[in-house]
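Next come the chains, spelled out residue by residue.
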Amino acid sequence: MENRSVPPGPYRATKLWNEVTTSFRAGMPLRKHRQHFKKYGSCFTAGEAVDWLYNLLRNNSNFGPEVTRQQTIQLLRKFLKNHIIEDIKGRWGSENLYDNSQLFRFPANSPFKILPRRHPELRKNSTENVSKDKDSIFKLRNLSHRTKKHGLQSSQENTESMNCEIIKEDQENSVDNREISLKDVEEVWRYIILIYLQTILGVSSLEEVINPKQVIPQYIMYNMTNTSKQGVVILQDKSDDLPHWVLSAMKCLANWPRNNDLNNPTYVGFERDVFRTIADYFLDLPEPLLTFEYYELFVNILGLLQPHLERAAINALQLCCLLLPPPNRRKLQLLMRMISRMSQNVDMPQLHDAMGTRSLMIHTFSRCVLCCAEEMDLDELLAARLVSFLMDHHQEILQVPSYLQTEVEKHLDYLKKGHIKNPGDGLIAPLPTYSYCKQISAQEFDEQKVSTSQDAIAELLENIIKNKSLPLKEKRKKLKQFQKEYPLIYQKRFPTMESEAALFGDKPTIKQPMLILRKPKFRSIRY
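Residues numbered from 1 in each chain as written. Predicted model: local features only at pLDDT ≥ 70, side-chain atom pairs only at ≥ 80, totals over all residues. Heavy atoms only, no water.

Draft legend 1. Structural context of the overall build of the protein. The number of helices and strands found in the protein is 20 helices and 4 strands. Looking at the protein residue by residue over its 527 residues, the buried ones come to 47%. Here the analysis covers contacts within the protein between residues at least 6 apart in sequence; of these, 69% occur between residues at least 24 apart. Accessible surface, the protein as shown: approximately 29,900 Å² in total, 50% of it carbon and sulfur. (Helix = DSSP H or I, 4+ residues; strand = E, 2+ residues; numbered from the N terminus. Buried < 20%, exposed > 50% of the residue type's maximum accessible area, 1.4 Å probe, protein only. Contact = heavy atoms within 4.5 Å. Areas by Shrake-Rupley, 256 points an atom, 1.4 Å probe, with all protein chains shown as cover.)

And the structure:
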């Protein structure tokens, strides 16, 4: 499973589960262990399993380095519950597994999860959606003629030439100034966004990823047009908005300590209480912000989250987030802005005794953003991976794509002039061009990943050093903590005691010997 990504398609979460369990069963080292004066062969301790699986998940592109040790323990507990592993006495079915020396082994047969044949809703309506309506815009019939087999490359020249053919063929029978109905406008929006999404995902059909009935043009149109200057959705019905007290709490932490005026209490632990209030609100929502029905769609996009496909992943998420109900999109925008600012704020007090701010944000809000209606074994890991990516690219992902509005207007113009008869006929909008980057080896990728991470950590150290508003005592404390966590990066920045002392204007103290013994003078006994 190392450095291999599960391709887009239906039931990707189940496929990932099977990949992880297979890799764990094939790669986990087994050896003899002694427990209670008895020897057991071909087994492993819980701690050894945590170490091995933790390293596998962090270095796998399907999950990434944001995976925590606690999440790894949770996954191993699900392994025990599903009889992927059992304790040394053959017991399984519970989740009693901890990071200790308890012994476990593999059963004779490791069960695989069986993939359902098709999407449950699509099984019912497959004939209706595909066979009955020959002119349905959901078939995307023209896409297959112009999309290369990888699905991530398209030719603008072919599109333009076909546009000319469509115009010439329909020019004789065209009707000037055809009246455009609201239904026409809605179908054009749906058609254009599905065309772009299918091209970016590189799939032959979207039927296995999303039910076309789930695409609501009214949501897309509202999310595109009703926005503030910052691109945040503005709701006309304020009852769907975040409560005022939640908005105030989010602003307080997003702008900490600037927005913490004298009217707010300043007791010790105040910021933790505010954060807990926000977390409780989002955790109590009836469904995740990305909704249950779009779970399969967003899980498939997680397979674009590769270093060489980052641009395609951003564009795909940008389109998919337009499908959300406006209240959900607004909440997602405000939440991502808050947790992104908090994770980058060096002045933010510690909100958890054992976790850093970024890890805490991902751990707290991942299931509020993405989860399945039916409990999935990899939900937490997949959600954490997506939230981490959203935090890093939320400004671009959650902005309004201007090209989409342009292409819709162009398509409507052709429809109005009679160059096309139905909103779903022909491909007027030129598709975006994507190309694969040069493939690199696994070693080069690991080196680049380490280099990028070290640069980010070094930048954090510089922010602490250059922060003039930080009291001297607090700065010393933070630097001491940084030196403990990242000694090599700290030593590179401060190679000598003099360079460290120069930061605080101190002179390096040289300890004097506690007792100076003067060398006695010996005199000759001769006179």
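Draft legend 2. Examining the packing of aromatic side chains more closely. For the structure on display, the rule yields 15 aromatic pairs. When the centroid spacing of 5.6 Å and the interplanar angle of 80° are considered together, the rings of Tyr267 and Phe270 count as edge-to-face. Given a relative accessible area of 41%, Tyr267 falls into the partly exposed group. By relative accessible area, Phe270 is classed as buried at 8%. Grouped by ring-pair contacts, the aromatic residues Trp17, Phe24, Phe44, Trp52, Phe79 and Phe106 constitute a single cluster. The ring of Phe494 is capped by Arg493, whose NZ or CZ atom sits 4.9 Å from the centre of that ring. (Phe/Tyr/Trp six-rings, centres within 6.5 Å; stacked < 30°, edge-to-face > 60°. Lys NZ or Arg CZ within 6 Å of the ring centre and 35° of its normal.)

Draft legend 3. Focus on the nonpolar core. With 118 residues, the main nonpolar core has Phe24, Phe79, Phe282, Leu335, Met336 and Phe365 as its most contacted residues. Grouped together as the second largest cluster of nonpolar side chains are 11 residues, Ile464, Tyr490, Phe494 and Phe504 included. (Core = buried A, V, L, I, M, F, W, Y, C linked by side-chain atoms within 4.5 Å.)

Draft legend 4. Up close: the pairing of strand β2 (residues 38–45). Pairing of strand β1 (residues 31–35) with β2 involves 4 bridges; the strand directions are antiparallel. Bridging from a neighbouring strand, Arg31 pairs with Cys43 of β2. The turn joining β1 and β2, which pair antiparallel and follow one another in sequence, is formed by 2 residues; a positive phi near 55° is taken by His36. One ladder, built from 2 bridges, connects β2 with strand β4 (residues 103–105); its direction is antiparallel. Residue pairing for β4: Thr45 is matched across the bridge by Leu103. (Pairing = 2+ DSSP bridges.)

Draft legend 5. Spatial organisation of the environment of Leu390. Note that Leu390 resides in helix α15 (residues 379–397). Exposure remark for Leu390: the relative accessible area of 2% places this residue in the buried category. Residues Leu390 and Leu317, spaced 73 residues apart in sequence, show a C-alpha to C-alpha distance of 8.8 Å.

Draft legend 6. The sheet that holds β1, seen in detail. Sheet architecture is open: 4 strands sit in the order β1-β2-β4-β3, paired in antiparallel fashion. Taken across any chain shown, the strands that pair with only one partner, and hence form the sheet edges, are β1 and β3 (86–87). Examined bridge by bridge, β3 and β4 share 2 bridges and lie antiparallel to one another. Opposite Glu86, over in β4, you have Arg105 as the bridge partner. With respect to the sheet, helix α2 (residues 46–58) is in contact with β1, β2 and β4, its orientation differing from that of β2 by roughly 20°. (Axes fitted to C-alpha atoms, helices over the stretch in contact; angles between N-to-C directions.)

Draft legend 7. View of helix α12 (residues 310–322). Across its 13 residues, α12 extends 19 Å between first and last C-alpha, which sits within 8% of the 18 Å expected from 1.5 Å per residue. A large share of α12 lies buried, amounting to 11 of its 13 residues. Ala312, Ala313, Ile314, Asn315, Ala316, Leu317, Gln318, Leu319, Cys320, Cys321 and Leu322 are the residues of α12 that are buried. Of the surrounding elements, those touching the buried residues of α12 are α7 (182–201), α8 (217–225), α11 (295–302), α13 (326–344), α15 and α16 (402–416). (Expected span 1.5 Å × (residues − 1).)

Draft legend 8. Broad picture of unusual backbone geometry. Looking along the chain, the bond that leaves Trp256 and enters Pro257 is cis, with omega of -5°. Here Pro257 shows up in the loop between α9 (244–254) and α10 (270–283). With a phi angle near 55°, His36 is a residue other than glycine that sits in the positive phi range. Relative to the helices and strands, His36 is located in the loop between β1 and β2. Notably, Ser42 is not glycine yet its phi reads approximately 50°, a positive angle. Relative to the elements of secondary structure, Ser42 occurs in strand β2.

Draft legend 9. Local environment of α10. With 14 residues, α10 extends 20 Å between its outermost C-alpha atoms, agreeing within 8% with the 20 Å of an ideal straight helix rising 1.5 Å per residue. Within α10, burial applies to Phe270, Glu271, Val274, Phe275, Ile278, Ala279, Tyr281 and Phe282. Against α9, α13 and α14 (357–369) lie the buried residues of α10.

Draft legend 10. Up close: the packing of α9 against α13. The interhelical angle for the contact between α9 and α13, taken along N-to-C directions, is 30°, at an axis separation of 8 Å. Looking at the two axes, α9 sits roughly parallel to α13. Note that α9 runs across α13; the crossing there is left-handed. Within the contact between the two elements, α9 uses Leu247, Met250, Leu253 and Ala254 and α13 uses Arg330, Leu334, Leu335, Met338, Arg341 and Met342. Classifying every residue of the contact of α9 with α13 by side-chain character gives 8 nonpolar, no polar and 2 charged. (Parallel < 35°, antiparallel > 145°, perpendicular 65-115°, else oblique. Left-handed = near helix turned anticlockwise from the far one by under 90°. Nonpolar A, V, L, I, M, F, W, Y, C, P; charged D, E, K, R; others polar.)

Draft legend 11. Main features of the packing of α7 against α8. As a packed pair, α7 and α8 sit with axes 9 Å apart at the nearest point and diverge in direction by 85°. The angle between the axes of α7 and α8 places the two elements in the roughly perpendicular class. Where α7 approaches α8, its residues Val185, Glu186, Trp189, Arg190 and Ile193 are matched on the opposing element by Pro217, Gln218, Ile220, Met221 and Met224.

Draft legend 12. Just the pattern of salt bridges, in detail. A full pass over the atoms with the stated rule returns 13 salt bridges. Note that Arg311 is salt-bridged to Glu396, the shortest N-O span being 2.6 Å. Of this pair, Arg311 sits in helix α12 while Glu396 sits in helix α15, placing them 85 residues apart in sequence. With a relative accessible area of 29%, Glu396 lands in the partly exposed category. (Salt bridge = Lys/Arg side-chain N within 4 Å of Asp/Glu carboxyl O.)

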